[in-house]
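Here is how the chains run, residue by residue.
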Amino acid sequence: MASYISPAIRDKFETLSIDLKNCILERNVQLESLPDLIKVLEDIVAESEGR
């Protein structure tokens, strides 16, 4: 499954760093809304903090 970024939030996604965008895309996620994007970002932060 390939990641999908909805056009509704693509502008927000594009403001992220290239490394962060790549990290998100590697997760094979479906991002339809801003809460979806926030959830993935929270997951990345939690994993980087070792939670």
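The present account deals with the structure reproduced in this document.

Criteria and cut-off values
- Residues numbered from 1 in each chain as written.
- Predicted model: local features only at pLDDT ≥ 70, side-chain atom pairs only at ≥ 80, totals over all residues.
- Heavy atoms only, no water.
- Salt bridge = Lys/Arg side-chain N within 4 Å of Asp/Glu carboxyl O.
- Helix = DSSP H or I, 4+ residues; strand = E, 2+ residues; numbered from the N terminus.
- Buried < 20%, exposed > 50% of the residue type's maximum accessible area, 1.4 Å probe, protein only.
- Expected span 1.5 Å × (residues − 1).
- Contact = heavy atoms within 4.5 Å.
- Polar contact = N/O pair within 3.5 Å; in protein donor to acceptor, adjacent residues only side chain to side chain.
- Axes fitted to C-alpha atoms, helices over the stretch in contact; angles between N-to-C directions.
- Parallel < 35°, antiparallel > 145°, perpendicular 65-115°, else oblique.
- Nonpolar A, V, L, I, M, F, W, Y, C, P; charged D, E, K, R; others polar.

**Overview of the pattern of salt bridges**
Here is step 1: On inspection of all chains with the given rule, the structure shows 4 salt bridges.
Here is step 2: Two residues, Lys 39 and Asp 43, come together in a salt bridge whose shortest N-O distance is 2.6 Å. You can see Lys 39 and its partner Asp 43 sitting in helix H3 (residues 34-48), 4 residues apart, about one turn around the helix.
Here is step 3: Here Lys 39 falls in the partly exposed class, since its relative accessible area comes to 44%.
Here is step 4: One continuous salt-bridge network, built from bridges that share partners, spans Arg 10, Glu 14 and Lys 21.

**Brief notes about H3**
Here is step 1: With 15 residues, H3 ought to run about 21 Å at 1.5 Å a step, and its terminal C-alpha atoms sit 21 Å apart, in line with that.
Here is step 2: Burial in H3 covers these residues: Leu 37, Val 40, Ile 44 and Ala 46.
Here is step 3: Buried positions along H3 lie against helix H1 (7-13), helix H2 (18-25) and strand S2 (30-31).
Here is step 4: Where H3 ends, the next residue or the one after it, Gly 50, has phi of about 80°, a positive value.

**So, the environment of Gln 30**
Here is step 1: Structurally, Gln 30 is set in strand S2.
Here is step 2: Through-space distance from the C-alpha of Gln 30 to that of Glu 49 is 24 Å; in sequence the pair is 19 residues apart.
Here is step 3: Within the structure, the side chain of Gln 30 is placed 3.2 Å from the backbone oxygen of Ala 2, a separation counted as a polar contact.

**Remarks on the packing of H2 against H3**
Here is step 1: Put simply, H2 and H3 touch, their axes get as near as 11 Å, and they point 100° apart. With respect to each other, H2 and H3 are oriented roughly perpendicular. Across the interface between the two elements, Leu 20, Cys 23 and Ile 24 of H2 pack against Leu 37, Val 40, Leu 41 and Ile 44 of H3.
Here is step 2: When its residues are assigned to classes, the contact of H2 with H3 shows 7 nonpolar, no polar and no charged.

Fair warning: the whole summary comes from geometry, so function is off the table for now.
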